[in-house]
Amino acid sequence: MRVEKIANLTTEGTNPSTMNIDNVSTLEMISMINEEDKRVALAVEKAKESIAKAVDVIVERLANGGRLIYMGAGTSGRLGILDASECPPTFGVDHTLVQGLIAGGHTAIFKAVEGAEDNFEIGKSDLVEKELTEKDVVCGIAASGRTPYVIGGMKFAKEVGAATLCVTMNADSEMAEIADVPITVVVGPEVITGSTRMKAGTAQKLVLNMLSTGTMIKLGKVYGNLMVDVKTSNAKLVARAKRIIMLATGISEEEAGKYLEKTNNDVKLSIFMVKTGLAQDSARKILEEHRGYIKKAIESVKN
């Protein structure tokens, strides 16, 4: 990225509120950072209509066999990978449904790979390797909105016919021009000039949480506000599964445990069986007919 382009980016600006941050007490320093962080959620709020549109796009594609693929470099790439990696244990989806790509590959998750973000062709080739199709969604993430790796990937996604989204922190970015649904969150200059792992990174994390969580809610992975497709992969999650069943149905912990054992730790099926009194095979079949939406499945039984 050329110097003259950086100078015009809001995220590269000098924050007048923190210019003396290296000459104050520790408490004052932390207070400055906290005051700036308070602005992030308000900035995200201004983008909520775009975020909602993006969720609807993702839901439509995923419901028809597509995938959500995040692309980013540095902090942005790591946040995409983080969000993707949390979807399987939280919502019980296959690890391929939501994926994260980072410029520089696996090594770059832990250590910066210099120059990787500057290559348009690698962005494209990473998606070719994923066998991208028109069913998929590609979401580019970059504070600057100008990262070549991400732009290369987004342009290829457009050629394939995949849906394109972006999450950026600068207005009128190149990525926003490419995206079908651009999400722009202007958080202003960073506490430390240009350190976009701070406010920009926080904003990205908030937006990605909304995108994946909103999508999973609309795909029937949540009943009320309970994550009913949670995977019981450790002791804590087994306890959580029992509690979810108890909260959804009002039965005891002992009864919840029996249902979990009977259904091979299927929280959603356990809840549906308790709610309807149906046998396991019948309950499973009806849930599948309603694509896992507990409320719709219950309504069908009542009617």
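Residues numbered from 1 in each chain as written. Predicted model: local features only at pLDDT ≥ 70, side-chain atom pairs only at ≥ 80, totals over all residues. Heavy atoms only, no water.

Here we come to the overall build of the protein chain. Along its length, the protein chain carries 14 helices and 7 strands. A principal-axis box enclosing the C-alpha atoms of the protein chain has dimensions of 65 × 50 × 35 Å. Counting only residues that meet the buried cut, the protein chain has 45% of its 303 residues in that class. For the protein chain, the share of sequence-separated contacts (at least 6 apart) that also reach a separation of at least 24 residues comes to 65%. Looking at the protein chain as shown, the accessible area adds up to about 15200 Å², and 50% of this sits on carbon and sulfur atoms. Put simply, the protein chain has 37 plus and 39 minus side-chain charges, and the middle of one group is 5 Å from the middle of the other. (Helix = DSSP H or I, 4+ residues; strand = E, 2+ residues; numbered from the N terminus. Buried < 20%, exposed > 50% of the residue type's maximum accessible area, 1.4 Å probe, protein only. Contact = heavy atoms within 4.5 Å. Areas by Shrake-Rupley, 256 points an atom, 1.4 Å probe, with all protein chains shown as cover. Lys, Arg positive; Asp, Glu negative; His and termini not counted. Charge placed at Lys NZ, Arg CZ, Asp CG, Glu CD.)

Further remarks concern helix α12 (residues 267-276). It helps to recall that an α-helix has 3.6 residues per turn; residues three or four apart then point in one direction. Extensive coverage of α12 is indicated by the burial of 7 of its 10 residues. Residues V267, K268, L269, S270, I271, F272 and M273 constitute the buried set of α12. Structurally, α12 contributes buried residues whose contacts are with β6 (222-223), α10 (235-249), α11 (253-262), α13 (280-289) and α14 (294-302). Two or three places before K268, at the start of α12, stands the capping residue D266, its side-chain oxygen 3.3 Å from that residue's backbone nitrogen. Within two residues after α12, G277 carries a phi angle of roughly 75°, on the positive side. (Polar contact = N/O pair within 3.5 Å; in protein donor to acceptor, adjacent residues only side chain to side chain.)

As a further point, take the environment of E28. Note that E28 resides in helix α2 (residues 26-45). By relative accessible area, E28 is classed as partly exposed at 44%. Here S25 takes part through its backbone nitrogen, which lies 3.0 Å from a polar atom of the side chain of E28.

This brings us to the pairing of strand β2 (residues 98-102). In terms of burial, β2 is largely enclosed, as 4 of its 5 residues are buried. Sheet topology note: the strand β1 (residues 68-72)/β2 ladder contains 5 bridges and is parallel. When the bridges of β2 are listed, Y70 appears paired with G100. What joins β1 to β2 is helix α4 (residues 75-91), and the crossover it makes is right-handed. (Pairing = 2+ DSSP bridges. Right-handed = clockwise from strand over helix to strand, strands pointing away.)

Right, let's talk about unusual backbone geometry for a bit. Glycine aside, negative phi is the norm for most residues, and most peptide bonds take the trans geometry. In this structure, E131 is a non-glycine residue whose phi angle is positive, near 55°. Here E131 lies in the loop between α6 (120-129) and β3 (137-142). Although it is not a glycine, R291 sits at a positive phi angle of roughly 55°. According to the relative accessible area criterion, R291 is exposed, its value standing at 55%.

Scanning the entire structure with this criterion turns up 0 aromatic pairs. Over the aromatic face of Y259 sits the side chain of K262, whose NZ or CZ is 4.9 Å from the ring centroid. Over the face of the ring belonging to Y293 we find K296, whose NZ or CZ atom lies 4.2 Å from the ring centre. (Phe/Tyr/Trp six-rings, centres within 6.5 Å; stacked < 30°, edge-to-face > 60°. Lys NZ or Arg CZ within 6 Å of the ring centre and 35° of its normal.)

Y70, V167, I183, V185 and L211 are the most contacted members of the largest nonpolar core, which has 39 residues in total. Mapped by element, the contributors of at least two residues to this core are α2, α3 (48-63), β1, α4, β3, β4 (163-168), β5 (181-184) and α9 (199-218). Sequence-distant contacts of V185, defined by excluding residues within four places in its chain, comprise A43, V44, A47, T168, M169, A203 and V207. Of all hydrophobic cores here, the second largest spans 23 residues; its members include Y223, L226, I244 and M273. (Core = buried A, V, L, I, M, F, W, Y, C linked by side-chain atoms within 4.5 Å.)

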